[in-house]
Amino acid sequence: MNIKELIRPHLISLKPYSSARDEYTGKTGVFLDANENPFGSATSEAYNRYPDPLQKELKEKISGIKGVPAANIFLGNGSDEPIDLMMRAFCEPGNDNVIITPPTYGMYEVSAEINHVETRKAPLSADFQLREEEVLKMVDERTKLIFLCSPNNPTANRMNKAAVERILLSFRGIVIVDEAYIDFCDSPGFSGKLRDYPNLVILQTFSKAWGLAALRLGMAFASEEIIYFLNKIKPPYNINQATQQLALQAIENVEWKNQKVKEIIALREKLVDELGRIPKVEKIFPSEANFVLVKIQDAKSVFDSLIENKIIVRDRSRVTLCEGCLRITVGTEEENKALVAALEGKA
Ligand SMILES: *Cc1c(COP(=O)(O)O)cnc(C)c1O
């Protein structure tokens, strides 16, 4: 696979923005190159210096916990940023297309639309599995990206690994496997497979298991060639200094994340049991994530009555294959109790 044949041609010769600190990598010195404030910041913390554009220290730490070399890591302002950058790197607006497998995460299509890129849809099967033949049938010479999500949002299940690998092997474009919920699932995911598949891009995030949604930190793991082009087109300082520092702190505290993942999984199983006893709940789909998809009688009015109790879930009742379903995030013990009570009409 030659990435240079897939990338938008004008990006090959693009000269990226050269930041003030690109020429000097030392940590100490008299910095009069970036028009910063020499006195510090109008806060108790010093944020007056521009952050490391390539987040080297943070990538080394992430490499340590993920087992992915730092050179294969890209960091974005949430996963949403690498999703957008992949469109901008590979898809000619008004010409190229991407394939998604609904029901799935809404951002892929929105990002495609923003970039004026056609979205082709190969729906999952009724049991929410990939139909690889259907996916591959949609491919033409203008198909650049295929987005897969595993465990999938909003269905909460993992995609069949062999089917994902067959798509990776057959498709002569980039396959993006979004693993936002990988921490909640038993499978190791695809991060060990980067060497096998030069067209694989894996997305992970600090927004879910790590509890850092507000910081906006997403990861993409890919070949060095793909990372090179993402770095070339990204905004220079896309990860702010506070986020870099706080993410380093979080990684030192990985036990917290692992403990909370265990608790959330236990709470999920308990919630599934309790929801199963509610008569109007028709089906609870198996979950390998921190949410459950629930088919419920009269979903829209249940959704509205939950809102009246100030309990907010996600209404997926009009989404293909999710008709009549609500997507419910696993909360704390008390939050889940409040939800169940409201569903039983006891609130
Ligand atoms: C929540 C979620 C993300 C995370 O997005 P961020 O921008 O990193 O917060 C990515 N993909 C899927 C499928 C998600 O559900």
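About the criteria used
Residues numbered from 1 in each chain as written. Predicted model: local features only at pLDDT ≥ 70, side-chain atom pairs only at ≥ 80, totals over all residues. Heavy atoms only, no water. 1 Å grid on protein atoms, 1.4 Å probe; cavity = no way out; pocket = protein on both sides within 12 Å on 5 of 7 lines; lining within 4 Å. Points joined across faces, edges and corners; volume = space filled by probe spheres on them. Helix = DSSP H or I, 4+ residues; strand = E, 2+ residues; numbered from the N terminus. Nonpolar A, V, L, I, M, F, W, Y, C, P; charged D, E, K, R; others polar. Axes fitted to C-alpha atoms, helices over the stretch in contact; angles between N-to-C directions. Parallel < 35°, antiparallel > 145°, perpendicular 65-115°, else oblique. Left-handed = near helix turned anticlockwise from the far one by under 90°. Contact = heavy atoms within 4.5 Å. Pairing = 2+ DSSP bridges.

(A) Examining the layout of surface pockets more closely. Counted as a void, the largest pocket has a volume near 720 Å³. Lining the largest pocket are 22 residues, with Thr25, Lys27, Tyr50, Pro51 and Asp52 sitting closest to its centre. Looking at the lining of the largest pocket, the elements with two or more residues in it are helix H2 (56–66) and helix H8 (241–252). The greatest single-element share of the lining of the largest pocket, amounting to four residues, is contributed by H8. Class assignment of the residues belonging to the lining of the largest pocket gives a composition of nine nonpolar, six polar and seven charged. The space that makes up the second largest pocket amounts to roughly 470 Å³. Around the second largest pocket, the lining comprises 20 residues; the ones closest to its centre are Thr104, Tyr105, Gly106, Asn153 and Arg316.

(B) Quick peek at the packing of H2 against H8. Remark: H2 packs on H8, axes separated minimally by 10 Å, with the N-to-C direction vectors making an angle of 25°. Overall, the two elements H2 and H8 adopt an arrangement that is roughly parallel. As for how H2 packs across H8, the hand of that crossing is left-handed. Contact residues: Glu57, Leu58, Lys61, Ile62 and Ile65 in H2; Gln244, Ala247, Leu248, Ile251 and Glu252 in H8.

(C) Main features of the sheet that holds strand S3 (residues 118–121). Taken in spatial order, the seven strands make up an open sheet running S1-S7-S6-S5-S4-S2-S3, and their pairing is mixed. Either end of the sheet is taken by a strand with one partner, and the two such strands are strand S1 (73–76) and S3. Neighbour to neighbour, the strand axes of the sheet diverge by 25° on average, direction disregarded. Relative to S1, helix H7 (residues 224–233) is tilted by about 30°, and along the sheet it contacts S1, strand S5 (174–178), strand S6 (200–205) and strand S7 (218–221).

(D) A look at empty space enclosed by the protein. Summed over all chains, the structure comprises one cavity of 30 Å³ or more. Surrounding the largest cavity, Ser150, Pro151, Arg158, Met159, Lys161, Val177, Glu179, Ile182, Cys185, Ser187, Gly189 and Phe190 form its lining. Of the residues belonging to the lining of the largest cavity, the class tally is six nonpolar, three polar and three charged.

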